[in-house]
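Next come the chains, spelled out residue by residue.
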Amino acid sequence: MAVLPSVQMSGSAENPDVILIDGSSYLYRAFHALPPLTTGDGRPTGAIKGVVSMVRKLVQEHAPRHLAVVFDAPGPTFRHELYEPYKANREAMPDDLRAQIEPLHALIRALGYPIVSVAGVEADDVIGALVAQARERDLFTLVSTGDKDLAQLVDDHCALINTMSNQLLDPAGVVEKFGVGPERIIDYLALIGDSSDNIPGVPKVGPKTAAKWLVAHGSLDDIIAAADQITGKVGENLRATLDQLPLSRELVRIRCDVELPEPLEQLVPGAPDRAALETLYRDLEFRTWLAELAESGDSGTATPSAVGEVETEVVLDETSLARWVEACRAAEIVALDTETTSLDYMAAELVGVSLSVAPGKAAYIPVGHRYEGAPAQLSWDCVRAALQPLLEDAACHKTGQHLKYDMNVLGEHGVEVEGISHDTMLQSYVLDSTAGRHDLDSLALRTLGRQTIHFEDVAGKGAKQVTFDQVRLEQAAPYAGEDAEVSLCLHRAQWPKLQTDAALRRVYEQLEMPLVPVLSRMERAGTLIDPACLRAQSGEISTRLQELEAEAHAAAGGAFNLSSPKQLQEILFDRLAMPQRHKTPGGKPSTAENVLQELADEGHELPQLILEHRGLAKLRNTYTDRLPEQINPRTGRLHTSYHQAVAATGRLSSSDPNLQNIPIRTAAGRRVRQAFIAPPGRVLLSADYSQIELRIMAHLSGDEALCAALSGGEDVHRATAAEVFRVPVAQVTSEDRRVAKAINFGLIYGMSAFGLARQLGGIPRHEAQGYIDRYFERYPGVRDYMERTRAQARDAGYVETLFGRRLHLREISARNPARRQAAERAAINAPMQGTAADIIKRAMIDVDAWIRGERPPALMIMQVHDELVFEVDADALEDCRAEILARMSGAADLAVPLIVEAGSGPNWDDAH
């Protein structure tokens, strides 16, 4: 990557080095502010013309060295993770506006202007990251926007211009407009909130009050510290929202450290694509611009860029199929993808197979398109006969995106795929699990800078979406061929990066890739469940829900809708005068679960009844009612999907159903496990790692006392209690042990004294700090490990598991204390949680190899957290138990024993 040399900044607002255009902001404003325009056939074009006119004018006036038009990418961002209601009150995008997005992007690109849009990142944050890059290079940036949030970026290197009002904001202009300088805009925005983004502020505090407070006190933190001194209703409102203000500040803060697909150096205005412009101007009926183009010279000689275009051959005869099979045989690696009728791999019908062996070229072999007028296609029997030797040949190396799904589908259609050497989703995940989404479209944009054809583009959206067998071949083939070809290009881009890093390569080659076929076999094996048992539980839950409703009505003094937050607010806080702990964004007292739990802990009856009602209703709706519906009619079993590339730490997750979330802390939740049963003649065997993260902490820290406690087979929580409370082990009470357990596990997650105090039932913070201090006195190695890990994370920007997996921590050096401390907590926990994930993956690979090699009467059917569940012949139980325990215990060589506890029974609950 070429890096610009550092130069003395010569740019200014009049002569900027860099122009960044907030395309999303202007698109909305142009749509609502400008007169509507349409083509002769009724297509809207007014917003397109307004935005392009503004962009062209800026470029012509300033001729910047670097330029980008930045748009929001579809989908949620980190702000939605921080605050679920973020932007929840926004109306759906009008169809007339949505229809203008793609032609606008096409027109901007044809003009030669770079577009930047990053999945999972808002346009504001992309602009912030580019401003930061420019600032590092002493370049002046002019940001064209109407968004007040971007005023926080203004300084001597950056100014804003609103081209609709022609208002320029430099540092002095920000003070004049907002009453505070750019360095206080974040605090200002947190105080006033933002109704359009659904960000809560302080009720009744507007721009004038916010500016007055900041001028008087200095910062939001200073205002919070002085909250008791602020009088009147606004003072009351401020004090009522103190807990929410830090969140609001994080929501309005622009992140300037996000990763971008292209560095600033590559964002330069290019030559216009005259042929594309002519086509677009003609199609959109922009006759004036079309005339200008014609007057400026020959408009028909330019060749459109071939980047991202794939030549896909539709294979409809055996001769072409044989030719592609030979090409795959001769290739170093083959990219493979399937097209089906469903995301449920057990129910999906195969519609086609796509292959690619060279960039820019692909084949699509349709076998199941069934729309009216569909051309004759080769039968699956014919295609399988040709492809099966290739696909089942382990010596033929294959790559693809999320190939476990394709393995499952092809396996259910008679082809057991071998030779899967690479998976582009897992390559991206191992390189950086926190970089963003790891789906094909996101990776293509982030890694290759390519916009791909989306499924909705060919199959439609919402209620009008059709299954892939109904998509016409002329649309299906480019989409399917691109999937395979993009996978090949992603492999070529990502695999060299893994090859140069020995630790990451080991994680990829020895853990993630070998696990793919293991998980595929587990998913297809499925597990047997008893629908009658679940139906009985649903009936009992329904009865209990009715009882709880009656009890809640009695406790409230009258009937009400338990699902209505408004009615619950009135009853709890008006009628029953319970303390108001937190506020909703609208300023109403919150009835969220954490609030109800606090009230229940204080002995209030109604919140406890509501919590139990909510928990049981969720259990019924998610599991006891839903699981029977998910039984596959062909196998009679339940088949989950395991996900390798979701949790940042390396842990597996599951969906449809989510096995990880079946509650085990309540009797009703544990009963759900009773419905997971063994078939006649077999039993379920559950093998669970005991206190694995504590054992990993002992190994990583090397603390002698902790290692001794775990190596000696002691009750580690009782031993810790004896150390912390300075009493003999025999005198440790159950309460002492409870406190020690909270400390042992809390410190693994980087828990502070404040957090420990809350977990222990609201004890004084100084008392909790005293427990932690005494813990570190007795276990100094743990304290040293934590300090060492924080320092290493700050230096490297990431932490590693025992086996070399990395978790990148982008906030580890953040100026904001809350963000930095959260990253420090993650730095301490990630090596333990990630190492635990690596250990159970190693165990799964080893146990699966034993099952495949020696063929014992056993199936590995589930993985949940630190537990593996097997279906075993009853008469082979003890032999299988011994072998499984030995292999799981030997999955890592730690400084303390790796203990596995195993149980067995006719159902999962009895076995656990």
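Residues numbered from 1 in each chain as written. Predicted model: local features only at pLDDT ≥ 70, side-chain atom pairs only at ≥ 80, totals over all residues. Heavy atoms only, no water.

### Some thoughts on the overall build of the protein
And step 1. Assigned secondary structure in the protein consists of 37 helices and 21 strands.
And step 2. Summarising its shape, the C-alpha atoms of the protein cover approximately 95 × 85 × 60 Å along the three principal directions.
And step 3. Of all 912 residues assigned to the protein, the portion counted as buried reaches 52%.
And step 4. Intrachain contacts of the protein at a sequence separation of at least 6 include 68% that bridge at least 24 residues.
And step 5. Carbon and sulfur atoms make up 50% of the accessible area of the protein, which amounts to about 39,700 Å² in all.
And step 6. Computed over 92 positive and 128 negative side-chain charges, the inter-centroid distance for the protein is 4 Å. (Helix = DSSP H or I, 4+ residues; strand = E, 2+ residues; numbered from the N terminus. Buried < 20%, exposed > 50% of the residue type's maximum accessible area, 1.4 Å probe, protein only. Contact = heavy atoms within 4.5 Å. Areas by Shrake-Rupley, 256 points an atom, 1.4 Å probe, with all protein chains shown as cover. Lys, Arg positive; Asp, Glu negative; His and termini not counted. Charge placed at Lys NZ, Arg CZ, Asp CG, Glu CD.)

### Side note on the pattern of salt bridges
And step 1. Inspection of the entire model under this criterion finds 57 salt bridges.
And step 2. K57 is paired through a salt bridge with E61; the nearest N and O atoms lie 2.7 Å apart. Of this pair, K57 and E61 both sit in helix α2 (residues 46–62), separated by 4 residues, roughly a single helical turn.
And step 3. Judged by relative accessible area, which is 49%, E61 ranks as partly exposed.
And step 4. A salt bridge links R472 to E474; the shortest N-O distance between them is 2.8 Å.
And step 5. Its relative accessible area of 37% is what places R472 among the partly exposed residues.
And step 6. In this structure, a network of salt bridges that share partners links the residues R184, D187, D221 and R249. (Salt bridge = Lys/Arg side-chain N within 4 Å of Asp/Glu carboxyl O.)

### Some words on the environment of H604
And step 1. In this fold, H604 is placed in the loop between α25 (593–601) and α26 (605–624).
And step 2. Counting along the chain gives 172 residues from H604 to F776, while the straight-line C-alpha distance between them is 37 Å.
And step 3. Beyond its immediate chain neighbours, meaning those up to four positions away, H604 contacts M578, P579 and L599.

### Notes on the sheet that holds strand β1 (residues 18–22)
And step 1. Strand order in the open sheet formed by 6 strands is β3-β2-β1-β4-β5-β6, with mixed pairing between adjacent strands. In this open sheet, the two strands that pair with only one neighbour each are β3 (115–116) and β6 (167–169).
And step 2. Where strand β4 (residues 141–144) meets strand β5 (residues 158–162), 4 bridges bridge the pair, whose relative direction is parallel. Counted as the bridge partner of S144 is I161 from β5.
And step 3. Here α2 sits on the sheet and contacts β1, β2 (66–70) and β4; the angle it forms with β1, its principal contact strand, is near 170 degrees. (Pairing = 2+ DSSP bridges. Axes fitted to C-alpha atoms, helices over the stretch in contact; angles between N-to-C directions.)

### Comments concerning helix α33 (residues 765–778)
And step 1. Between its first and last C-alpha atoms α33 spans 20 Å; for 14 residues at 1.5 Å apiece the expected length is 20 Å, and the two agree.
And step 2. Looking at α33, one finds that the buried residues are A768, G770, Y771, I772, Y775 and F776.
And step 3. Those residues of α33 hidden inside the fold are in contact with α30 (716–725), α31 (734–748), α32 (753–759) and α34 (780–796). (Expected span 1.5 Å × (residues − 1).)

### What about the packing of helix α15 (residues 318–330) against helix α16 (residues 380–391)?
And step 1. Interhelical geometry of α15 versus α16 gives an angle of 10 degrees and a closest axis separation of 10 Å. Accordingly, the angle class assigned to the pair α15 and α16 is roughly parallel. Residues E318, L321, V325, C328 and R329 of α15 form the contact with α16, whose own contacting residues are C382, V383, A386, L387, P389 and L390.
And step 2. Residues belonging to the contact of α15 with α16 are distributed by class as follows: 9 nonpolar, no polar and 2 charged. (Parallel < 35°, antiparallel > 145°, perpendicular 65-115°, else oblique. Nonpolar A, V, L, I, M, F, W, Y, C, P; charged D, E, K, R; others polar.)

### Some words on helix α28 (residues 692–701)
Since one α-helical turn is 3.6 residues long, residues separated by three or four positions face the same way.
And step 1. Most of α28 sits inside the fold, with 8 of its 10 residues counted as buried.
And step 2. Buried within α28 are the following residues: I692, E693, L694, R695, I696, M697, A698 and S701.
And step 3. Of the surrounding secondary structure, the elements contacted by the buried residues of α28 are β16 (682–689), α29 (704–711), α30, α31, α34 and α35 (817–854).

### A short note on the side chain of D848
And step 1. Checked against the element boundaries, D848 lands in helix α35.
And step 2. A polar atom in the side chain of D848 sits 2.8 Å from the side chain of R521.
And step 3. Residues contacting D848, with those up to four places away along its chain left out, are V518, R521 and M860. (Polar contact = N/O pair within 3.5 Å; in protein donor to acceptor, adjacent residues only side chain to side chain.)

### Considering unusual backbone geometry
And step 1. Following D656, the chain continues into P657 via a peptide bond in cis, with omega recorded as 0 degrees.
And step 2. Backbone geometry places D656, a non-glycine residue, at a positive phi of 50 degrees.
And step 3. Looking at the element boundaries, D656 is found in the loop between β14 (653–655) and α27 (667–673).
And step 4. According to the relative accessible area criterion, D656 is exposed, its value standing at 52%.
And step 5. For R726, which is not a glycine, the phi torsion comes out positive at approximately 55 degrees.
And step 6. Structurally, R726 is set in the loop between α30 and α31.

### Examining the pairing of β2
And step 1. The element β2 is largely enclosed, with a buried count of 5 among its 5 residues.
And step 2. Bridge analysis of β1 against β2 gives 5 bridges, and the strand direction is parallel. Within β2, the residue paired with D22 across the bridge is V70.
And step 3. Where β2 lies against β3, 2 bridges are found, and the strand directions are parallel. Among the inter-strand pairings, V69 is bridged to a residue of β3, identified as I115.

### Considerations on the sheet that holds strand β8 (residues 334–340)
And step 1. Taking strand neighbours across the sheet as the criterion, the 5 strands line up as β7-β10-β9-β8-β11 in an open arrangement whose pairing is mixed. Since the sheet does not close on itself, it has two edges, and those belong to β7 (311–314) and β11 (398–399), each with one partner.
And step 2. Looking at chain direction, β7 and strand β10 (residues 361–366) are connected through 4 bridges and run parallel. Residue pairing in the sheet places T312 in a bridge with A362 of β10.
And step 3. Along the sheet face, α15 touches β7, β8, β9 (350–358) and β10 and points at about 50 degrees away from the line of β9.

### Examining the nonpolar core
And step 1. In terms of nonpolar packing, the biggest core is built from 111 residues, with F676 and Y689 touching the most fellow members.
And step 2. The biggest single contributor to this core is α35, with 11 residues.
And step 3. Setting aside chain neighbours within four positions, we find F676 in contact with T527, L528, I529, L627, L638, L659, I662, L684, M862, P906, N907 and W908.
And step 4. With 55 residues, the next largest nonpolar core counts C158, V174, I223 and V252 among its residues. (Core = buried A, V, L, I, M, F, W, Y, C linked by side-chain atoms within 4.5 Å.)

### Some words on the environment of G558
And step 1. By the secondary structure assignment, G558 is in the loop between α23 (531–556) and α24 (565–575).
And step 2. Linking G558 and A708, residues 150 residues apart in sequence, is a C-alpha distance of 59 Å.
And step 3. Beyond its immediate sequence surroundings of up to four residues, G558 is in contact with H553 and R575.

### Some thoughts on the packing of aromatic side chains
And step 1. With the rule as written, the count across this model stands at 11 aromatic pairs.
And step 2. On the basis of an interplanar angle of 65 degrees and a centroid distance of 4.8 Å, the ring pair of Y775 and Y779 is categorised as edge-to-face. By the burial criterion, Y775 is buried, and Y779 matches it.
And step 3. Each member of the aromatic cluster is reached from another via a ring pair, and the members are Y281, F286 and W289. (Phe/Tyr/Trp six-rings, centres within 6.5 Å; stacked < 30°, edge-to-face > 60°.)

### Focus on the confidence of the model for the protein
And step 1. For the protein, the average pLDDT comes to 89, and 96% of its residues sit at 70 or higher.
And step 2. Per-residue pLDDT stays below 50 along residues 1–10; that stretch engages in 18 contacts with residues further than four places along the chain or on separate chains.
And step 3. Low pLDDT, under 50, characterises residues 298–308; the predicted model gives this stretch 15 contacts beyond four residues in sequence or across chains. (pLDDT = per-residue confidence, 0-100.)

### Side note on the pairing of β8
And step 1. Across the 7 residues of β8, 7 count as buried, placing the element largely inside the fold.
And step 2. Across the two faces of β8 the burial is the same, with V334, L336, T338 and T340 and A335, D337 and E339 all buried.
And step 3. Pairing geometry for β8 and β11, over 2 bridges, is parallel. When the sheet's bridge partners are listed, A335 is paired in β11 with T399.
And step 4. As judged from the 6 bridges shared by β8 and β9, these two strands associate in the antiparallel manner. Opposite D337, over in β9, you have S354 as the bridge partner.

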